[in-house]
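# Overview (structure and organization)
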Amino acid sequence: MVNWISSIGQKKHLTLIQYFDILTVRIGYFHQIIERPLLRTLVTLKLEMADGQRESGHHMVFARRHFRGDNLDMHVSEISRFRKLSKSTLILIMLILFRCAHEIDRAKRLGEDEMAVFRVPNEEQYWDAGAVVILDEGKMQIIGSNELPQTQFERHRIVKIYNQRGWHHANVTIPYTPQSWVENIQARTILPTGTVRNLDKKQIFDVNLYPRFVFYSDQRAKIFTLPSVESGAIIEYRYQLRISGHRVWPSWYFQDDIPVLKSRFTLETPSEWELNYKKYFINIEPTIAKAPAGFKSSYVWQVENIPAIQTEFGMPAVNECLARIEIAPVGMKSWNDVARWYYDLAEPQIKSAKGVKQLADSLTQHCDNDLARLKMIYEWVRDHVRYIAVAIGIGSYQPHPAGEVLANRYGDCKDMSILICALSRAAGIEAHPVLISTWQNGEPDTSLPSPYQFNHAIVYCPKVGEKGIWLDATQKGCPFASLPWYDQGLPVLVIGKDGAGKIATTTKNPADSNRTVLDWRMKLRPNGQGLVQGSTEYRGVLATDIREMLSRLTQHEVRQWLETYLAARCPGAKLDSFRIVGLHPIQDPLVIYYHVRARNFAQRQDKMIYFSPGKILGFDLADYFRSPKRQHPILFNYGSTEMLSLDLEIPSQWTANSAAISDSIISPFGYSLWQVSQQDSVLQIKIVHQLNGETISADHYLEFQKFLDEVQSKSSQPLIFRRIAP
């Protein structure tokens with residue numbers, strides 16, 4: 001306890017009552033090892049002195065706020081009894097305070113025995129780690145009565161820093177919401193010599209968690225960085241997070257990007273609660289202490305020696321790889337429960353849609369069917385409502401009223417979804433909010449009903465089109481009736497009529513619909529120079545992503561991007577002119593037309609010209625998979641097809657060594673083909689690469705690597721032209 005009340009002896013400017021505030025909070029933190037009579041006495045003495053200074057009302061609130069959940073309510077009779085304490089008792093308490101301060105001064109350098117607690121066994125095995133977690137401990141308690149419910153979360157973390165790559169672990173962010181507050185932040189750095197550097201309370205800052213959205217997000221954070229961090233140092237911090245209401249922590253991660261020696265999570269809940277939880281990527285069961293009705297049961301999960309998560313190119317989302325537990329909210333036993341909960345939050349916001357009916361009528365007045373009406377509504381929201389990206393898994397789940405979103409012309413994903421629902425219903429179209437976990441967040445586990453699994457919101461209109469239409473207006477380059485790649489092929493929760501929940505799966509584009517086609521007409525000169533009149537056509541999610549990027553650029557920046565794009569395919573390319581179709585208005589396909597000239601389309605060597613058409617497509621995926629083995633599956637964002645159609649005019653008095661080629665490589669992962677034919681002086685070249693986009697297990701990694709290597713090798717083979725003797 002002495003180590004964690006160090007600030008008392010240093011705050012010489014505090015009043016006596018403030019000393020009692022600090023001491024009672026510190027002792028309350030250790031209420032399980034401190035005698036309750038001492039705590040009760042300290043609180044009562046503080047109240048007595050406060051009364052003498054006409055501050056009793058304020059400090060009674062203090063006492064109730066901090067101790068009511070622990071059944072330490074003050075009774076008038078007890079206060080009267082302790083008010084009769086002698087001055088000698090008061091002096092004794094003061095001696096305790098100054099004794100604590102004195103002990104803290106002595107504790108600024110740890111001895112050998114104390115340092116031994118922080119030693120890492122088998123330290124040499126962590127030579128490649130920037131740091132190692134010695135202890136990561138969390139404890140969540142349900143406290144307070146049903147009238148004043150509260151949840152308390154305590155975090156304690158100890159990390160040893162090995163080198164500069166581990167320094168960032170000394171930067172700490174503690175998020176909180178308006179329904180919670182952070183207390184009792186204690187942090188220190190222990191240098192290799194045993195010297196202790198405590199965190200100065202003045203260096204704890206309260207900031208907006210999303211500075212870019214300060215006018216919209218009310219999420220805040222306490223941030224600090226521990227002092228005097230160096231290689232070999234140990235950092236330690238702990239804090240309390242108090243939350244209004246009774247709730248359980250949705251997850252606990254045992255694994256980190258550095259090794260973890262010990263991770264422990266404790267949950268104390270009323271014994272009547274039924275806990276629904278699942279474990280992922282770790283074999284662990286909790287130690288359960290079940291209590292009788294009216295008392296608290298405890299669940300303790302503890303594991304040791306967890307390796308760092310290994311990152312790899314193309315691996316799934318972190319949520320699909322980390323060792324962890326997920327806990328469903330108490331009372332949510334089915335997806336209908338989750339849907340009803342969100343329905344109660346969202347439905348009133350749809351119905352309170354001031355001005356929505358007027359806009360819906362204006363947008364759809366010339367439409368003669370629901371498909372056309374829904375298209376007008378979606379495109380208006382996409383093009384006129386600014387998207388502010390605050391994920392619902394972090395911020396509040398309740399959307400703003402549709403009328404407010406309409407008036408402000410901005411909102412996050414759930415706000416934009418609510419506005420689409422409101423406008424659609426005003427136009428007579430059935431529309432429902434949908435909760436979704438994007439590909440970046442990881443696929444949700446449909447066997448664990450919980451809203452915490454989702455991080456995004458979209459819309460579903462079940463009676464429009466053959467199979468219904470999914471809408472996501474946050475992706476500004478996405479055309480009507482399409483979804484961004486990160487929404488496709490995923491299980492989602494549709495919030496149906498009257499809050500009925502339904503797990504459905506969003507549509508997914510086949511690989512051949514996400515297509516890039518380069519259509520070139522090229523005139524090759526004997527010196528290797530070339531003139532190209534061509535185009536690049538994008539379809540599907542490829543068009544959406546490129547369109548989203550280009551829509552943010554100026555004309556000058558677009559030209560720079562296109563020059564770089566073409567130079568990567570033909571060295572020394574010079575862009576003469578270009579134009580774009582499908583950017584404004586948004587429609588598929590997105591086509592970029594251009595005229596290009598380059599000095600190095602081909603390489604001239606004596607009486608030969610070497611030309612590699614495969615480099616135009618730039619198949620370099622094999623370069624990202626060079627490791628001899630792999631731990632994680634390979635997850636593609638989507639399947640895709642790339643195609644080159646090239647008509648190459650051969651210079652006069654030159655001929656191709658191979659005027660007819662037909663070859664292909666076919667595998668479970670996709671295929672590639674190469675075709676070359678000649679008509680008069682024009683060589684017709686066609687190259688196709690397709691990846692089907694299906695997840696590849698680590699067991700099939702070497703087979704996939706071999707496929708990529710073969711495609712890359714064949715694509716790099718040049719066509720050879722020789723000069724015909726005159």
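Residues numbered from 1 in each chain as written. Predicted model: local features only at pLDDT ≥ 70, side-chain atom pairs only at ≥ 80, totals over all residues. Heavy atoms only, no water.

Before going further, it helps to spend a moment on the side chain of Asn 184. By the element assignment, Asn 184 lies in strand β4 (residues 180-190). Using a relative accessible area of 18% as the deciding quantity, one classes Asn 184 as buried. A distance of 2.7 Å separates polar atoms of two side chains, one belonging to Asn 184 and the other to Gln 240. (Helix = DSSP H or I, 4+ residues; strand = E, 2+ residues; numbered from the N terminus. Buried < 20%, exposed > 50% of the residue type's maximum accessible area, 1.4 Å probe, protein only. Polar contact = N/O pair within 3.5 Å; in protein donor to acceptor, adjacent residues only side chain to side chain.)

So, on to the sheet that holds strand β3 (residues 171-176). Spatially, the three strands line up as an open sheet ordered β3-β7-β6, and their pairing is antiparallel. Two strands bound the open sheet, and with one partner strand each, they are β3 and β6 (205-208). Averaged over all pairs of adjacent strands, the angle between their axes in this sheet comes to 30°, without regard to strand direction. Note: β6 against strand β7 (residues 220-225), four bridges, orientation antiparallel. Each residue of the ladder has a partner; that of Val 207, found in β7, is Ala 221. (Pairing = 2+ DSSP bridges. Axes fitted to C-alpha atoms, helices over the stretch in contact; angles between N-to-C directions.)

Pairing in this open sheet of three strands is antiparallel, and the strands run β9-β14-β11 from one edge to the other. With one partner strand each, in any of the chains shown, β9 (251-253) and β11 (277-280) form the two edges of the open sheet. This sheet shows a mean twist of 15° between the axes of neighbouring strands, independent of strand direction. Both β9 and strand β14 (residues 324-327) contribute to a ladder of three bridges, which runs antiparallel. Of the residues in β14, the one forming a bridge with Ser 251 is Glu 326.

Within the largest apolar cluster, 74 residues are counted, with the highest numbers of intra-cluster contacts made by Trp 520, Phe 704 and Phe 721. In terms of nonpolar packing, the next biggest core, distinct from the first, is built from 44 residues, Leu 419, Ala 427, Leu 435 and Cys 478 among them. (Core = buried A, V, L, I, M, F, W, Y, C linked by side-chain atoms within 4.5 Å.)

Time to look at the packing of aromatic side chains. This structure, assessed with the given rule, holds 21 aromatic pairs. Summarising the aromatic geometry, the rings of Trp 520 and Tyr 594 are spaced 6.4 Å apart at their centres and angled 85° between planes, so their arrangement reads as edge-to-face. Pair noted here: Trp 520 is in strand β22 (residues 515-524) and Tyr 594 is in strand β25 (residues 590-598), with a separation of 74 residues, a long-range link. Exposure class is identical for Trp 520 and Tyr 594. Each is buried. Pairing Phe 669 with Phe 707 gives two aromatic rings, centres 6.3 Å apart and planes at 45°, and the pair type is tilted. Separated by 38 residues along the polypeptide, Phe 669 in the loop between β30 (661-667) and β31 (670-679) and Phe 707 in helix α16 (residues 701-715) bring together distant segments of the chain. Phe 707 shares its class with Phe 669; the two are buried. Three or more aromatic residues joined by ring pairs form one cluster here, namely Phe 313, Tyr 624, Phe 625, Phe 636, Phe 669, Tyr 701, Phe 704 and Phe 707. The aromatic ring of Tyr 565 is capped on one face by Arg 569, whose charged end is 3.9 Å from the ring centroid. (Phe/Tyr/Trp six-rings, centres within 6.5 Å; stacked < 30°, edge-to-face > 60°. Lys NZ or Arg CZ within 6 Å of the ring centre and 35° of its normal.)

Where β22 and strand β28 (residues 640-649) come together, nine bridges link them in parallel fashion. The residue bridging Leu 518 from the neighbouring strand is Leu 644, located in β28. Pairing of β22 with strand β23 (residues 530-538) involves nine bridges; the strand directions are antiparallel. The residue of β23 that forms the bridge with Arg 521 is Gln 533.

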